[in-house]
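# Secondary and tertiary structure notes
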Amino acid sequence: MVSQATKKAQVAVNTHSKTVMRSYQVALKCVDQQQREEINRRIRKLEEQQLLLLSPKIVKKAETLYKSNPKEGFFTRQLCKEVGKSPNIAESAFHWLHIAIKGKKDKEQKVQGLLNFLAKNPQQLVEWMIFGRSPYAESSLGNYWKLKRRYVINLLTSTRQQADGYWRKKKKATYHLNNLNHNSFLTSTTQQAIVQAIDDALFFYTNEFTTIPQITKRQQAFLAKLQLLKKEQAVVIPFLASWINSPQLSRWKSLKILAEQLAKTLGKPSRKLFSAIRLITVFTLFDHFMQSVPQLLKGLPVAKVVPLPFKRKKKGRLPVKLLMKKDYVITRQGNAKTLTTQIKKQGGTELGFSQKGKKKLVAKTLFPSKIREYIHNGAEIKLFQVSSGQAPSYKPRVDVVLEGAMDCFHSSTLLHTYLPLISSQKKAILGLDINRLGVHMLAFNTSVSLPPDILLLAERYTHLTAKVLPELHRGLMRKRKARDTLGFCKLQGELNRVYTRRMRIIRELTRLLPHLLAAVLVKKQCKTLKIEQLTVDPSGTKGALAKAIYTMPDNLFIYQKAVWLASQDLGYQVQLESVRPYHTSSVHYGCGGTLVRLQGQYDLAPCTKCGRKVNTHINAAHNIASLSGTPLPPL
């Protein structure tokens, strides 16, 4: 019989023998505030030197070098010879440039894939030309590339804008003549054309759905919307004709407003007509766009559409990457191997900040106990990164990048801190419902209470969002109206700090949640964790729904890390599965009835069948646990 320790070793070897890198912040101990500010100024000068090296000429040269040899060592050596600058700053700058060009090449491949997809799907191509977006294209490409939908939406909109700029310069006559400019005037249309488009759309989808043995509720609802628009076409057509024939700041947003206005005019304010109106718009303009767009698309050079790196300088500066060698602008006490040994023995090291004509300043970096534990477990220092801090503290930031096997970064301290707070009732299959930040952010199909530290962070986030930020925004408007420049600048700075504080709360929650989930899995001796892998897009949503989506802990890494931590402690591999995220919150697990979730009934909702008031989140967790899932890859 295999022992528990042997099982744990097998789990570790089988799943986490690959090498990974992790970045952590370490403290920089200075003599006093004056020395800290001087060190900060020196780091800032280095950052400015680094940015000056990334000139358009060097970026173009770098792109040519990357094509000949993409290896970073060759790339940085050749560019250092080109500029003849200090290796520390030059190699740091060209390290970031190498990453940026690599990202550009990856984006070029994705843009080419997007254009190929649009060329094969004319309806989505016309939708993209009109709106800069296409929901079907977004979901299809997101699933194919295994990326979040937010990334694909950004890719679609940015590619549309960049293509528009290219066509405007290169195809002046035909492009302006055909009225294809993004969010500008579309080709003028008549009411008769819209009538024909409604008939064509209804005929096409009625025939398509008849070939399907059993259509879904969503398809039935969509067909009903088209039938409603056909029935009320006398009201719909003038609205839509006016919208097509007038310019808009954003076609996507303005069509959503139009759909809402139409629903109210038809006496059905709760009907969501956006998708049906969008389809009719596409059918109306289809022939016009298909005359010229496919030819424009074929001649579109992808390399010109994706801009060069650092063409638009972003706010902030790139951190200085410190090579593990001595006697450069920021000096270290040896190479990576020497520093790793030194940290094991002393718990810290020194960095020297020199400047021509001035005394060299030395400050000690102090490593927290957690990072020292990782180094003792076998992780090694890969490199340091240094960046300057902002007012009022002017506190420089030092990050250390560690490299090692996954097991080096295993720490069960937090997990065992949470264990006493969880009941020990066993549950082989756990269903997890993910919600907005708060007391219901994680709901299981068994009784689990959130620990005080996580609840406190959620309360602070809610306080900042609901009270502090609105007050600051109102104050900002008052200062602007009163033309109080100084007061406006002070409030703007405070507003930025509050947003930073709120972002740090989310980051801290992301750090804590895997350990809490792992504690639940260990205490319940769970074998399978089932989750909804949500791909919800908050764009265009309003109020509570948008806030809920933005604060949902839907990062897959959280659950993969939780399963890994639990597997290390339990001695067997916990399975992570995703289920289809449909109707888990609206179907009552007890009787199969429908839960009516109106405004103010998001957490507790009545069942139409049995009449009971049900906790929608726990109910969803029960539904998730009962569904068959698809295994997800381990961390």
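Computed from a prediction, not measured in an experiment: that's the story for all the values here.

Scoring rules and cut-offs
- Residues numbered from 1 in each chain as written.
- Predicted model: local features only at pLDDT ≥ 70, side-chain atom pairs only at ≥ 80, totals over all residues.
- Heavy atoms only, no water.
- Helix = DSSP H or I, 4+ residues; strand = E, 2+ residues; numbered from the N terminus.
- Expected span 1.5 Å × (residues − 1).
- Buried < 20%, exposed > 50% of the residue type's maximum accessible area, 1.4 Å probe, protein only.
- Contact = heavy atoms within 4.5 Å.
- Core = buried A, V, L, I, M, F, W, Y, C linked by side-chain atoms within 4.5 Å.
- Phe/Tyr/Trp six-rings, centres within 6.5 Å; stacked < 30°, edge-to-face > 60°.
- Lys NZ or Arg CZ within 6 Å of the ring centre and 35° of its normal.
- Pairing = 2+ DSSP bridges.
- Salt bridge = Lys/Arg side-chain N within 4 Å of Asp/Glu carboxyl O.

### Some remarks on helix H13 (residues 251-265)
Counted at 1.5 Å a residue, the expected span for H13 with its 15 residues is 21 Å, and the 21 Å between its end C-alpha atoms agrees. By the burial criterion, the buried members of H13 are Arg-251, Trp-252, Ser-254, Leu-255, Leu-258, Ala-259, Leu-262 and Ala-263. Summarising the contacts, the buried residues of H13 are in contact with helix H6 (122-131), helix H7 (135-145), helix H12 (233-244) and helix H14 (274-298). Following H13 by one or two positions, Gly-267 has its phi on the positive side, about 80°.

### Notes on the environment of Lys-527
Within the secondary structure, Lys-527 is located in the loop between helix H20 (485-523) and strand S10 (528-532). Taking the C-alpha atoms as reference points, Lys-527 and Tyr-572, separated by 45 residues in sequence, lie 8.4 Å from one another. Here Lys-527 is in contact with Ala-428, Tyr-572, Gln-573, Val-574 and Gln-575, once residues within four sequence places are set aside.

### Thoughts on unusual backbone geometry
At Arg-483, a residue that is not glycine, the phi angle is positive and equals roughly 55°. In this fold, Arg-483 is placed in the loop between helix H19 (452-481) and H20. Using a relative accessible area of 75% as the deciding quantity, one classes Arg-483 as exposed. Phi is positive for Gln-525, close to 50°, though the residue is something other than glycine. By secondary structure assignment, the location of Gln-525 is in the loop between H20 and S10.

### Points about the nonpolar core
Counting residues in hydrophobic clusters, the biggest one holds 99 residues, and the most contacted among them are Phe-94, Leu-97 and Leu-402. No other element matches H20, which puts 14 residues into this core. If sequence neighbours within four positions are ignored, Leu-402 has contacts with Val-20, Met-21, Arg-22, Tyr-24, Ile-371, Tyr-374, Ile-375, Ala-379, Glu-380, Ile-381, Lys-382 and Phe-409. Formed by 65 residues, the second largest nonpolar core is a distinct cluster that contains Leu-156, Leu-180, Val-236 and Leu-285.

### Structural notes on the packing of aromatic side chains
Enumeration over the complete set of coordinates arrives at 13 aromatic pairs. Arranged with centres 5.1 Å apart and planes meeting at 80°, the rings of Phe-204 and Tyr-205 form a pair that is edge-to-face. For Tyr-205, a relative accessible area of 13% puts it in the buried group. The ring of Trp-128 carries Arg-160 above its face, with NZ or CZ at 5.8 Å from the centroid. A cation over a ring is seen here: Arg-251 above Trp-243, with NZ or CZ 4.8 Å from the ring centre.

### Some thoughts on the pairing of strand S4 (residues 348-355)
Inspection of the sheet shows strand S3 (residues 330-331) paired to S4 by 2 bridges, in the antiparallel sense. Looking across to S4, one finds that Ile-330 is bridged to Phe-353. Alignment of S4 against strand S5 (residues 358-366), held across 7 bridges, turns out to be antiparallel. Along S5, the bridge assignment pairs Gly-352 with Val-362. Taking the residues that link successive antiparallel strands as the turn, the S4-S5 hairpin has 2 residues, and the phi of Gly-357 there is positive, at about 85°.

### Concerning the pattern of salt bridges
Close approach of charged atoms lets side chains of opposite charge pair. In total, this model carries 19 salt bridges according to the counting rule given. Between Lys-110 and Asp-106 there is a salt bridge, with its nearest N and O atoms 3.2 Å apart. With Lys-110 and Asp-106 both in helix H5 (residues 87-120), this residue pair falls 4 residues apart, about one helical turn. Residue classification places Lys-110 among the buried positions, given a relative accessible area of 13%. Given the relative accessible area of 34%, Asp-106 is considered partly exposed. One salt bridge connects Glu-138 with Arg-133, and the closest N-O pair in it is separated by 2.9 Å. Residues joined by salt bridges that share partners form a network here, namely Glu-38, Arg-41, Arg-42 and Lys-358.

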